[in-house]
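# Structure at a glance
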Amino acid sequence: MRKTERIAGKMVTERFCLQLSYTLFFPLTGKENDMSKNKVRQKSIAEKATEEQKVRKRLAEMNLLDDFLFNAMAAYPEIGERFVKILLKIIFGREFKHLSVTAQKVYYGADTNLHGARLDVYLEPEIEEDSDERVTVYNIEPDKRDNTSDKRDLPRRMRFYHAKIAAKSLNAGADYDELKNVIIIMIMPYDPFGLNRMVYTIKSRCIEVAEMPYEDGASTLFLYTKGTEGIPNEALKQLLHYMEHTTEANAISAELQDIQEMVRAVKKDPEVTAGYMLRQLRMMEELNRMRKEVKEEVKEEVREEVKEEVKEEVREEVRAEVKAEARAEVELYNRVSLVCKKLRKGRTLEEIAEDLEEEISVIEPLYNKAKKFAPDYDPNLVFEMMSKDDETDKDDKVDEYLQVKTD
């Protein structure tokens, strides 16, 4: 394999050198150079045109549950307000005259360490100051995040959205009675609670007395596009189906046909296409940045894992070495004790070797050392003398003893 890679690498290098040599010795003429630049320019234009066609195709296939298209519709001049008025009319069954539409409204955290919120379409009726009607703000969001963790966190996410909107809708020093009503509308192609209902209306209530009035001004509507239970009216059913399948064939009412005309205009707008391309580019840049960060994190984790593996291997090696050395020292001490015991009985070198069933060459080094400690032949002193040498020398002696013994 390595040989094949070297051959391939050599071929690539030789080809590069050949091309470089040709360029140096036979440079392009001015005309040829211009032709080359034109080819590069034409190729770049063709690639951009191909990419734009792909983007247009993806944009053309989008439905109104896609964040980008939904927000593009809401933010589009002369279309956005009309679009959301039709949505609210079908959902609530009444007309909405004055609406201030804000696409992608962001509520930042009170501190850099605190979580913020990005609301897809934020709607606030423009009520006159002398009106008795309480102001209600609306937030509409299509949501496709149907994984288990996102579905589990959905109620707490709504609680957070309500808190962020409420905190920003009451001025300092104002009475709580001036707090605006908040209705959050989630439109989703998955069932958030598994009961197959088209509409789930969530409000605060008293657990002990369910019929007790308790109006805090906060409510949440979950609209499930495929729900078959509790359908309020046919218009809402048609709207939800159309939002998931945004095609001419599904625009079967006057309101939906009106929305379809808006969708067609938005999808054909070059600025919307450019905005989508820019969004994709930013997403790719963010994805690449995240990949780099994750790659570095994984590298560090792998380094730590390798370090631990190496440490454990070294530990095992050291344990084995220390155990071998300890066994050798114990065996040597025991041998010294036996030799000293025999010497105290007046046994000769040959007799000691015979008693211990060892070769004379194995016993003789210990015998000579022990003779220096006559007549007591204290094995501790003999072994201590052997241990006074430096650690390396002592290891060599042990190794020498074991080698001689093995031989």
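Computed from a predicted structure; not experimentally measured. (Residues numbered from 1 in each chain as written. Predicted model: local features only at pLDDT ≥ 70, side-chain atom pairs only at ≥ 80, totals over all residues. Heavy atoms only, no water.)

This brings us to the overall build of the chain. Across its full length, the chain holds 12 helices and six strands. Looking at the chain as a whole, 29% of its 407 residues qualify as buried. Within the structure as shown, the chain displays about 27,400 Å² of accessible surface, and the carbon and sulfur contribution to it stands at 52%. (Helix = DSSP H or I, 4+ residues; strand = E, 2+ residues; numbered from the N terminus. Buried < 20%, exposed > 50% of the residue type's maximum accessible area, 1.4 Å probe, protein only. Areas by Shrake-Rupley, 256 points an atom, 1.4 Å probe, with all protein chains shown as cover.)

The subject of this paragraph is helix α7 (residues 254-268). One turn of an α-helix holds 3.6 residues; hence residues three or four places apart share an orientation. Over its 15 residues, α7 runs 22 Å from end to end, which matches the ideal 21 Å to within 8%, given 1.5 Å per residue. Every buried residue of α7 is accounted for by L256, I259, Q260, M262, V263, V266 and K267. Down the axis of α7, the sector holding all buried residues measures 165 degrees, keeping them to one side. Residues of α7 that are exposed and point over 90 degrees away from its buried face: A254 and K268. (Expected span 1.5 Å × (residues − 1). Arc of directions from axis to C-beta.)

Attention now moves to the side chain of N71. Topologically, N71 is positioned in helix α3 (residues 67-75). There is a polar contact of 2.7 Å between the side chain of N71 and the backbone oxygen of D67. (Polar contact = N/O pair within 3.5 Å; in protein donor to acceptor, adjacent residues only side chain to side chain.)

In this section: the pattern of salt bridges. Where charged atoms from two side chains of opposite charge approach closely, those side chains can pair. A complete count under the given rule lists 25 salt bridges for this structure. The partner of E358 in a salt bridge is R335, with the nearest N and O atoms 3.3 Å apart. One end of the pair, E358, is in the loop between α9 (349-355) and α10 (360-371); the other, R335, is in helix α8 (residues 270-344), and 23 residues separate them in sequence. Classification of E358 as partly exposed rests on a relative accessible area of 22%. Among the salt bridges present, the one from D355 reaches K342, with a minimum N-O distance of 3.7 Å. With a gap of 13 residues between them, D355 in helix α9 and K342 in helix α8 connect regions that are remote in the sequence. When salt bridges that share partners are traced, they join E141, D143, R145 and R157 into one network. (Salt bridge = Lys/Arg side-chain N within 4 Å of Asp/Glu carboxyl O.)

The next thing to look at is unusual backbone geometry. Cis geometry is adopted by the peptide bond preceding P375, which originates at A374 and carries an omega value of 0 degrees. Structurally, P375 can be placed in the loop between α10 and α11 (379-387). Phi angles above zero are rare outside glycine, and N196 is one such case at about 60 degrees. Following the sequence through the fold, N196 ends up in the loop between β4 (181-188) and β5 (199-203). Phi at Y377 takes a positive value of approximately 50 degrees, unusual for a residue other than glycine.

Our focus in this paragraph is the confidence of the model for the chain. Residues at a pLDDT of 70 or more form 74% of the chain, whose mean pLDDT is 78. Low pLDDT, under 50, characterises residues 1-26; the stretch is placed with two contacts to residues that sit more than four places away or in other chains. Here residues 106-118 scores under 50 on pLDDT; set against residues more than four positions off or in separate chains, the count is 28 contacts. (pLDDT = per-residue confidence, 0-100. Contact = heavy atoms within 4.5 Å.)

We now examine the environment of M386. Tracing the backbone shows M386 in helix α11. Since its relative accessible area comes to 11%, M386 is described here as buried. For the pair M386 and L366, spaced 20 residues apart in sequence, the C-alpha to C-alpha distance is 9.8 Å.

Per the stated rule, a full pass over the model turns up seven aromatic pairs. Through pairs of rings, three or more aromatic residues link up here, namely F92, F96 and Y138. (Phe/Tyr/Trp six-rings, centres within 6.5 Å; stacked < 30°, edge-to-face > 60°.)

Quick look at the nonpolar core now. Ranked by internal contacts, the top residues of the largest apolar core, which has 41 residues, are L64, M73, F83, I185, L236, L239 and I259. Elements that contribute at least two residues to this core include exactly α3, α4 (80-92), β3 (136-142), β4, β6 (218-224), α6 (234-244), α7 and α8. With seven residues, the single largest contributor to this core is α4. Beyond its immediate sequence surroundings of up to four residues, I185 is in contact with L88, I91, F92, Y138, N139, I140, E141, L221 and L223. (Core = buried A, V, L, I, M, F, W, Y, C linked by side-chain atoms within 4.5 Å.)

Looking now at the packing of α8 against α10. Taken N-terminus to C-terminus, the directions of α8 and α10 make an angle of 60 degrees; their axes are 10 Å apart at the nearest point. With respect to each other, α8 and α10 are oriented oblique. Once α8 is placed against α10, the crossing between them reads as right-handed. Where α8 approaches α10, its residues L332, R335, V336, V339, C340 and L343 are matched on the opposing element by I363, L366, Y367, A370 and K371. (Axes fitted to C-alpha atoms, helices over the stretch in contact; angles between N-to-C directions. Parallel < 35°, antiparallel > 145°, perpendicular 65-115°, else oblique. Left-handed = near helix turned anticlockwise from the far one by under 90°.)

Attention now moves to the environment of L179. Residue placement: L179 occurs in the loop between α5 (148-168) and β4. When its relative accessible area of 24% is taken as the criterion, L179 is described as partly exposed. Between the C-alpha atoms of L179 and S169, which are 10 residues apart in sequence, the distance is 6.5 Å. Residues contacting L179, with those up to four places away along its chain left out, are R134, A166, S169 and L170.

Turning our attention to the pairing of β4. Burial within β4 is extensive, with seven of its eight residues counted as buried. Across seven bridges, the pairing between β3 and β4 is parallel. What sits directly across from T136, in β4, is N181. For the handedness criterion, the β-α-β arrangement of β3, α5 and β4 is classed as right-handed. In this structure, β4 lies alongside β6, joined through seven bridges in parallel fashion. What sits directly across from I185, in β6, is L221. (Pairing = 2+ DSSP bridges. Right-handed = clockwise from strand over helix to strand, strands pointing away.)

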